[in-house]
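# Structure at a glance
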Amino acid sequence: MDQVMQKFVTSLEANLTAEDVVNLEACMDCRICGDACAWYLGTEEETLHPTYKTNFIRDIYKRYMTLEGKVGGSLGLVPTPTTEDLRDHMQYFWNCTSCGRCTLACPVGLSTRSIVRMARAAYTDSGLSKENATLNSIIHNLETVRHSFGLTNEQVLARYSLFLCSQDIEMPADIEGSEILFVCPSAANTKIPDYATKAMKILNAGGFDYTVSSRLVETGTEADHIVVHHELSKAILEAWEDEAERLGVQKVMVAECGCDTRSLFFEATEMLGRPFKFPVVLFDALVLDAIQSGQLPVDKTDIKVTLHDPCHSTRLAGMGDLSRALLNEVTSNFIEMTPNYEYNYCCNGGAGGMRLPENAPVRRQVSVFKANQIENTSADYVTTPCVVCMLTLDDTCKAYNLGKQAEGERAATMTFEVVYEAMYAALERRGELDRMRTPFGLKGRDRAYLQDHSASGKVAALMRNEKAATVLQWLEDDDVVKRFFKAHPEGIQQLEEFKRLHMLAQQGEPLELCPGFERRVNVEA
């Protein structure tokens, strides 16, 4: 075999488990798994049937990894897959979200998902995945700036600070001794940081003792689930641990992200070869406890909402009850879609389904099953505790004109956005909206501390940095910033304030915090 195939096979051998051997050897080729796969059912394309992928890996396994295959292959009695065959089949391993629904239909419970992940890892280890522009960019970005979308730490922090300062909200950064380290997945801090400010307001209002890290803005979602790059995944998990140790936190928090939920609760141990060093808690679980204990006040909303179960957190991590318990605390009009829980149809965007642009036409076509599920509930909104699911559902709602989308309104929401509406209503009724403004870790602190440990203080420091001009120009050109300005025109003035701070910094002048926060500091002083 040539060098590329050798690397591919070596990767399979390194990652093959006893369960994978069963998955490969025990398949009866009954093809019932296809009855559960939206990508096959929605197209009837043979190349999108689950067995098309597993049979190909089985051919490689039998030819190169079994005695009879090695002997038979040398005699021309067993088919010999080539590197060109690898290239021809590669796209089909990403025309799949590795959601695991096919396993539910398999009479003997074989895991196509496990084979797909193993194959993706082999494509990455052999270098073939870099022949796809998107997969190559993910790997390159993670290797260079440790962010799968290529954002720098300064860009992520400055944009969050712009959005939060515009609303007179602060975010804690690098606070040693906090209870919780909160790291946002790259899809969220890239695609929906404007929506995600609501999560910070919830944490502030609930009095949670949390901090973000100015050094870590990547959770490893795309390393683990799209390119399946085990070395990068391990390095990012270790970076979480290093930051948690540096800051002396007690636990790490997983945001609303299905893949991160699966990774931290299940795959981290496999990746690291040992248990993750810190307890892991879910954002939604913390919020639910706070609501039920009275720590976070809510008034139930009457918005008509249905729930999409993220495959990786419900089917593959068992968190379906948590999502429903939280929704039932914050809305009086929750409607189940059918089927639900682990039998829910995939959003068709996770683990690369949406990230690879070439998938879009087929993804939208096969999302007819999800569209029908949503439409049959007559709900105005579909919510989900996963950023990639939400982004995909938003695209599906637009493609099929579902719910509030028919009125020009975004019909897909994050679950924390539903929580936010209920919390805001309760705080407003009680005259306590200011609870959202200052995080627990910044209350009663002096100015020097705030300069070092608030998001606005970090941005003020950035304005003295040689990177400031580049970051400010990026903010001006960024589409997400422009979207935020449409909803929050005051943000335009805040960006001008950032520019003024940069000018003052160049002149050696002392820099302030965000104006609203500055006023509160003066009052407290």
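Here the structure is a predicted model, which is why all the values come from computation and not from measurement.

## Re the pairing of strand β7 (residues 381-384)
Of the two faces of β7, both are covered, the one formed by Tyr381 and Thr383 as well as the one formed by Val382 and Thr384. Looking at chain direction, strand β5 (residues 305-307) and β7 are connected through three bridges and run parallel. Residue Thr306 lies in a different strand from β7, and its bridge partner there is Val382. Pairing of β7 with strand β8 (residues 412-414) involves three bridges; the strand directions are parallel. If you follow Thr383 over to β8, its bridge partner there is Thr413. With helix α21 (residues 387-400) bridging β7 and its parallel neighbour β8, the resulting β-α-β unit is right-handed.

## Quick word on the pairing of strand β3 (residues 251-254)
Burial of the side chains of β3 extends over both faces: Lys251 and Met253 are buried on one face and Val252 and Val254 on the other. In terms of strand pairing, strand β1 (residues 180-183) meets β3 through four bridges, oriented parallel. Looking at the pairing, Val183 lines up with Val254 of β3.

## Describing the nonpolar core
Counting 139 residues, the largest nonpolar core has Ile57, Phe276 and Leu475 as its most contacted members. Once you skip the residues sitting within four places of it in the chain, Phe276 turns out to touch Leu237, Trp240, Glu241, Val252, Leu264, Ala268 and Thr269.

## Considering the sheet that holds β8
Spatially, the four strands line up as an open sheet ordered β6-β5-β7-β8, and their pairing is parallel. Two strands lie at the open edges of the sheet, namely β6 (334-335) and β8, each paired on one side alone. Examined bridge by bridge, β5 and β6 share two bridges and lie parallel to one another. Bridge pairing in β6 links Val305 to Phe334. Contacting β7 and β8, α21 crosses the sheet at an angle of about 165° to β8. Sitting on the sheet, helix α22 (residues 415-430) is in contact with β7 and β8, with an inclination near 75° to β8.

Definitions and cut-offs
Residues numbered from 1 in each chain as written. Predicted model: local features only at pLDDT ≥ 70, side-chain atom pairs only at ≥ 80, totals over all residues. Heavy atoms only, no water. Buried < 20%, exposed > 50% of the residue type's maximum accessible area, 1.4 Å probe, protein only. Helix = DSSP H or I, 4+ residues; strand = E, 2+ residues; numbered from the N terminus. Pairing = 2+ DSSP bridges. Right-handed = clockwise from strand over helix to strand, strands pointing away. Core = buried A, V, L, I, M, F, W, Y, C linked by side-chain atoms within 4.5 Å. Contact = heavy atoms within 4.5 Å. Axes fitted to C-alpha atoms, helices over the stretch in contact; angles between N-to-C directions.

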